[in-house]
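Residues per chain, in single letters:
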Amino acid sequence: SPRLRFVAIATLVLGLGIPVGILYLMLMFNSKIESVEEYEKLIKAPLSGTILHGPSGKNIVIADGENSQAAEQFRMLRTNLRFLLPSIQSPVVLVSSCLNGEGKTYVAANTAMSLALLGKKVALVGLDIRKPMLAEFFGLSGKGCLTTYLADNNYTLEDITLHGVENPNLDLIAAGAVPPNPSELLQQEERIDSLFAELRKQYDYIIVDTAPIGVVSDTYLLGHVADLTLMVSRAYMTPNSSMRLLNQVAEQKRLQSVACVLNDVKRK
């Protein structure tokens, strides 16, 4: 005593075994998407883009002359979108997610800005009327009255449009006050159809921020006006189980032409 060989072997086994065991348990209980490769294996819809973790507290990361990695990835997403979109005039793109907090509003706002930088006339529409965030993204909290437009036929498109937000080519139509009957407002198909028919006449692209599909049914009510649906997931936050819902929506064509975006990917 002490038995040096036994002590050396025991410490070597414990030194290797304990970290391996901890890592194995972490992997076994991990239920979040952590990499682009893992995401691609889980989804059955095309991956249209990945967005790196952006600067903290900065909502709009793309601008004229901005060459950050986040800005370049939105430019890549813009390029992919133009391949995915059908060859029609003034396409409508819904941007949604499975859960709250996955970054759909961030993706919608920066995608709209990236298209505006091409000189295209873009309308960014806030139809997540239960938890509207678009106006706040542009520092315009309290602005917008889209919900009033849906409830009152006396309002026109011009009454609810905020022109030249951040870019002369980008117009914002923010949700405004949260209504007591959001689902009923969105089921007024005649009013919704009239809105999008008018938008198609005036804009080259219409980007629509909508509610999460795993929380409420609002987005499904807008499916008939869309040409493409972008589903946003967030690395280290979106559960793997959410991909079952996303894949069901894509396979059953409950929303038009689903494509996926993985947001907030960490640099490695």
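Residues numbered from 1 in each chain as written. Predicted model: local features only at pLDDT ≥ 70, side-chain atom pairs only at ≥ 80, totals over all residues. Heavy atoms only, no water.

Draft legend 1. Seen up close, the layout of surface pockets. Approximately 490 Å³ is the volume found for the largest pocket. Mapped by element, the contributors of at least two residues to the lining of the largest pocket are helix H4 (104-116) and strand E7 (258-265). Per element, the largest residue contribution to the lining of the largest pocket is three residues, and it comes from H4. Residues belonging to the lining of the largest pocket are distributed by class as follows: six nonpolar, 11 polar and seven charged. (1 Å grid on protein atoms, 1.4 Å probe; cavity = no way out; pocket = protein on both sides within 12 Å on 5 of 7 lines; lining within 4 Å. Points joined across faces, edges and corners; volume = space filled by probe spheres on them. Helix = DSSP H or I, 4+ residues; strand = E, 2+ residues; numbered from the N terminus. Nonpolar A, V, L, I, M, F, W, Y, C, P; charged D, E, K, R; others polar.)

Draft legend 2. Seen up close, the pairing of strand E2 (residues 92-97). The buried fraction of E2 is high, at six of six residues. On E2, burial covers both faces: Val92, Leu94 and Ser96 on one face and Val93, Val95 and Ser97 on the other are all buried. Strand direction decides the pairing type here: E2 and strand E5 (residues 205-210), joined by four bridges, are parallel. Among the inter-strand pairings, Val95 is bridged to a residue of E5, identified as Asp209. Summarising the sheet, E2 and strand E6 (residues 228-234) pair through five bridges and their orientation is parallel. From the neighbouring strand, Val93 faces E6, where its bridge partner is Leu228. (Buried < 20%, exposed > 50% of the residue type's maximum accessible area, 1.4 Å probe, protein only. Pairing = 2+ DSSP bridges.)

Draft legend 3. The arrangement of the pairing of strand E3 (residues 122-127) in detail. Burial analysis of E3 places six of its six residues in the buried class, the great majority of the element. Side chains of E3 alternate between two faces, with Val122, Leu124 and Gly126 and Ala123, Val125 and Leu127 buried alike. Two strands pair when backbone bridges link them, and E3 and strand E4 (residues 170-173) are joined in this way by four bridges, in the parallel orientation. The residue of E4 that forms the bridge with Val125 is Ile173. In terms of strand pairing, E3 meets E5 through six bridges, oriented parallel. Following the sheet pairing, Val125 is matched in E5 by Val208.

Draft legend 4. Molecular detail of helix H10 (residues 242-251). For H10, the set of buried residues is Ser242, Met243, Leu246, Asn247 and Val249. Angularly, the buried residues of H10 cover 160° about the axis, an arc narrow enough to put them on a single face. Lining the buried residues of H10 we find helix H2 (36-42), E6 and E7. Looking one or two residues beyond H10, the residue adopting positive phi is Lys253, at roughly 55°. (Arc of directions from axis to C-beta. Contact = heavy atoms within 4.5 Å.)

Draft legend 5. Examining the nonpolar core more closely. Membership of the largest hydrophobic core comes to 43 residues, with the highest contact counts inside it found for Val125, Leu127, Leu146, Phe196, Leu199 and Ile206. Once you skip the residues sitting within four places of it in the chain, Val125 turns out to touch Leu134, Leu146, Ile173, Leu199, Ile206, Ile207, Val208 and Asp209. In this structure, Val61, Ala71, Leu115 and Val122 belong to the second largest nonpolar core, which totals 37 residues. (Core = buried A, V, L, I, M, F, W, Y, C linked by side-chain atoms within 4.5 Å.)

Draft legend 6. A look at helix H3 (residues 69-84). The end-to-end C-alpha distance of H3, which contains 16 residues, comes to 22 Å, matching closely the 22 Å that a straight helix rising 1.5 Å per residue would cover. Taken as a whole, H3 has its buried residues at Ala70, Ala71, Gln73, Phe74, Arg75, Leu77, Arg78 and Leu81. Close packing links the buried residues of H3 with strand E1 (47-52), H4, E6 and E7. (Expected span 1.5 Å × (residues − 1).)

Draft legend 7. Summary view of the sheet that holds E6. Sheet architecture is open: seven strands sit in the order E1-E7-E6-E2-E5-E3-E4, paired in parallel fashion. At either end of the open sheet lies a strand with only one pairing partner, and these are E1 and E4. Shown here is a sheet whose adjacent strand axes are inclined to one another by a mean of 20°, direction ignored. Of the pairings in the sheet, the one linking E6 to E7 comprises six bridges and is parallel in character. Looking at E7, one finds that Leu230 is bridged to Ala259. With respect to the sheet, helix H9 (residues 189-202) is in contact with E2, E3, E4 and E5, its orientation differing from that of E5 by roughly 140°. Contacting E6 and E7, H10 crosses the sheet at an angle of about 155° to E7. (Axes fitted to C-alpha atoms, helices over the stretch in contact; angles between N-to-C directions.)

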